[in-house]
Amino acid sequence: MLIAGNWKMHLDARGANELARGVMDATADAGPVQVAVCPPYVHLGALSSTLKNSRVRLGAQNMHSADKGPFTGEISASMLLSVGCHYVILGHSERRQKFGETDASVNAKVKRALRTGLVPIICVGEHLRERSAGAEKEVVASQIKFALEDLKLVAPNALVIAYEPVWAIGTGKTATPGQAQEIHALIRSLLVRQFGGEVASGVHILYGGSMNPGNARELLVQPDVDGGLIGGASLKAEDFGAIVEIAQSVSR
Ligand code: PEP
């Protein structure tokens, strides 16, 4: 199980440090559950020191696909690695919707992240209109296919997928456990086809979309739900810690 917090564009330096310390305390006894926080870029260096010697890993929320160059305002995978990042979220729906992220750019970023030694958390998920039209499987399968195009994977822990139905992000609406499991099983089958059963069975497939301490258990007990990507509830150490505790209690 992996529980990762996406802090989005929240918190100043002091608030980020306080939350990191809170998460560290709240998740100290998480047993086999892997824990990560993904703060805004500017806090990564400082939090790397704060989280040193703790079980909480650091992730970024995006990166550029090039390693360096004339890309004002952008950040590369090697920079993220050099400040202690383990994970990088790629293709989050907010980036696809608001910043022009495409399947092709996600694929280029995934390749760069893997080559550099970062673990990409690749986000996929359908819009409400697509689910209403019964097209959710088609949409997610296509996003997975493009994100993983030309990619070889030898170790399951080199990659994480997050299924995040867009209509459930920040809305308080959550996919039902059955809806989540159905899409997670589809994603697993696509991973099996591309990487083989042994690798695919070990890839963490996270659910994201208004997960909180009240609904985490019913989602996390699903056989193909291997954790959560948590937005709103990751901004309170107590709630995030409670989700990690639930993950620990249902850990496989
Ligand atoms: C997210 O943005 O990745 C997310 C899951 O947000 P929330 O938990 O707030 O829906």
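To be clear, the structure that these remarks concern was listed above.
Model, not experiment: these values are computed from the prediction. (Residues numbered from 1 in each chain as written. Predicted model: local features only at pLDDT ≥ 70, side-chain atom pairs only at ≥ 80, totals over all residues. Heavy atoms only, no water.)

A.B. asks: Any chance you could break down the pairing of strand β2 (residues 34-38) for me, citing the residues and the numbers?
C.D. replies: Counting buried residues in β2 gives 4 out of 5 residues, a clear majority hidden from the surface. By the bridge criterion, 5 bridges tie strand β1 (residues 2-6) to β2 in an arrangement that is parallel. By the bridge assignment, Ala4 is partnered in β2 with Ala36. With helix α1 (residues 13-26) bridging β1 and the parallel β2, this β-α-β connection has right-handed handedness. Two strands pair when backbone bridges link them, and β2 and strand β3 (residues 56-60) are joined in this way by 3 bridges, in the parallel orientation. For Val37, the partnering residue across the bridge sits in β3 and is Leu58. Note on the crossover from β2 through helix α2 (residues 44-50) to β3: the handedness is right-handed. (Buried < 20%, exposed > 50% of the residue type's maximum accessible area, 1.4 Å probe, protein only. Helix = DSSP H or I, 4+ residues; strand = E, 2+ residues; numbered from the N terminus. Pairing = 2+ DSSP bridges. Right-handed = clockwise from strand over helix to strand, strands pointing away.)

A.B. asks: Could you give me a rundown of the environment of Gly125, with the residues and numbers involved?
C.D. replies: In this fold, Gly125 is placed in the loop between β5 (119-124) and α6 (128-132). With 20 residues separating them in the primary sequence, Gly125 and Ser105 have C-alpha atoms 16 Å apart. The residues contacting Gly125, other than those within four sequence positions of it, are Val139, Val140, Gln143, Tyr163, Glu164, Pro165 and Val166. (Contact = heavy atoms within 4.5 Å.)

A.B. asks: Talk me through helix α11 (residues 237-249); I want residue IDs and the actual numbers.
C.D. replies: Counted at 1.5 Å a residue, the expected span for α11 with its 13 residues is 18 Å, and the 18 Å between its end C-alpha atoms agrees. Along α11, the positions that sit buried rather than exposed are Ala237, Phe240, Gly241, Ile243, Val244, Ile246 and Ala247. Looking at the buried positions of α11, the neighbouring elements they touch are β1, α1, β2, α10 (216-220) and β8 (227-230). (Expected span 1.5 Å × (residues − 1).)

A.B. asks: Tell me what's going on with the nonpolar core, and back it up with residues and numbers.
C.D. replies: Within the largest apolar cluster, 68 residues are counted, with the highest numbers of intra-cluster contacts made by Ile3, Ile161, Ile187, Leu191, Tyr207 and Leu220. If you tally residues by element for this core, the top one is helix α8 (residues 177-195), at 7 residues. When near neighbours in sequence (up to four residues on either side) are disregarded, Leu191 contacts Leu148, Ile161, Gly196, Ala200, Val203 and Ile205. In this structure, Ala4, Cys38, Tyr87 and Val160 belong to the second largest nonpolar core, which totals 13 residues. (Core = buried A, V, L, I, M, F, W, Y, C linked by side-chain atoms within 4.5 Å.)

A.B. asks: Give a detailed account of helix α7 (residues 136-147), specifying residues and quantitative values.
C.D. replies: The end-to-end C-alpha distance of α7, which contains 12 residues, comes to 16 Å, matching closely the 16 Å that a straight helix rising 1.5 Å per residue would cover. Among the residues of α7, Glu136, Val139, Val140, Gln143, Ile144 and Ala147 are the ones counted as buried. Burial along α7 is one-sided: seen end-on, the buried residues are contained in an arc of 130°. Turned more than 90 degrees away from the buried face of α7, the exposed residues are Glu138 and Lys145. (Arc of directions from axis to C-beta.)

Remember that the coordinates give geometry; whether it matters functionally is a separate question.
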